[in-house]
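Summary of the model geometry
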Amino acid sequence: MKERKRRITAFLACVAILLSAFSTAAAATSGGEVIFPQGSSSVEVYMGGKRVLEGKAALIDSVTYVAIREFSDLIEDTEVSWDAKTRTAVVTKGTKVITATEGDRYIYADGRCFYTVTPIRIISNKMFLPVRAIAKALGVEVTWDGTTRSVKLRDTGVMPLSGDRFYNADDLFWLSRIISAEAKGESLLGQIAVGNVVINRRNSRSYPNTIYGVIFDRKGGTQFSPVSFGTIYQKPTASSIIAAKICLEGYSISNEILFFMNPRIATNNWIAKNRTFEFRIGNHDFYS
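A brief structural summary.

Calculation notes
- Residues numbered from 1 in each chain as written.
- Predicted model: local features only at pLDDT ≥ 70, side-chain atom pairs only at ≥ 80, totals over all residues.
- Heavy atoms only, no water.
- Buried < 20%, exposed > 50% of the residue type's maximum accessible area, 1.4 Å probe, protein only.
- Helix = DSSP H or I, 4+ residues; strand = E, 2+ residues; numbered from the N terminus.
- Contact = heavy atoms within 4.5 Å.
- Pairing = 2+ DSSP bridges.

Residue pairs spaced three or four apart in an α-helix point in one direction, given the helix's 3.6 residues per turn. Summarising burial for helix α9 (residues 238–248): eight of the eleven residues are buried, a large majority. Of the residues making up α9, those classed as buried are Ser-240, Ile-242, Ala-243, Ala-244, Lys-245, Ile-246, Cys-247 and Leu-248. Packing partners of the buried residues in α9 comprise β9 (106–109), β10 (112–115), α4 (163–166), α5 (169–183), α6 (188–203) and α7 (211–215). Note on α9: the residue one or two positions beyond its end, Gly-250, has a positive phi of about 110 degrees.

As structure tokens, then:
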């Protein structure tokens, strides 16, 4: 009898846990009062002259965050679903699919990666993310009014190009490979910085004007060791492809950095002796 009671109690406990998890997952993209983190402040958001997203927008760490469901609902013909297993919100508009996962610093939109800079959050069981990333993914223009500390939105009605149409395939192919070969295991920010170095060189008159040309440049010797070692030809990691796409979207930590090195394994100190140190990310020092 006692064993039966224990089994019933255990079963009811499991049911309660499952119901709680389901309720939390459902709430992640549904209504309800939101309690923002300490230090944040509410932001007024307007669209078409009307205030929208009341109680669903806030300035957190100097970044305007909005609730993904309520923001998406402002755009016609959008649907939002929630994957509790991966803690991912999925926004669909026609054939376009946008995904945002808790903790990530980017959203994936029809083959493109839009950098959020700060992490995607769950607040009061609702997903919030920086407004500019989700707005860009849905073809919405964002204007910040510093005087009133408010945001104005304008639906352009034009969705952004898909990744296979936006990115130059050759640029993505080689940029993702050099990032992977040079910065595998580094943070996403560290990988983006490596990609920035390549793009900054491409934009400089002192280097070849293509990403491929920069990577395989041999002026003054081989510029990137993976070219000599052959690791440039290895399949890139998933994170390096994301970093490459973010770089090709135009995001840059610095437009000045042209060199990087890992001081712990470097066999040549020419960079440190002849270039200006800018910052360190992970194992890499970056120089202009």
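Looking now at the sheet that holds strand β4 (residues 57–60). On the basis of which strands lie adjacent, the open sheet formed by five strands has the order β1-β4-β5-β12-β11 and antiparallel pairing. Of all strands in the sheet, those bounded by a partner on one side alone are β1 (41–42) and β11 (121–123). When β4 meets strand β5 (residues 63–67), the two strands line up antiparallel, connected through four bridges. Along β5, the bridge assignment pairs Ala-57 with Val-66.

Bringing unusual backbone geometry into the picture now. For Asp-77, which is not a glycine, the phi torsion comes out positive at approximately 60 degrees. Along the chain, the position of Asp-77 falls in the loop between α2 (68–73) and β6 (78–83).

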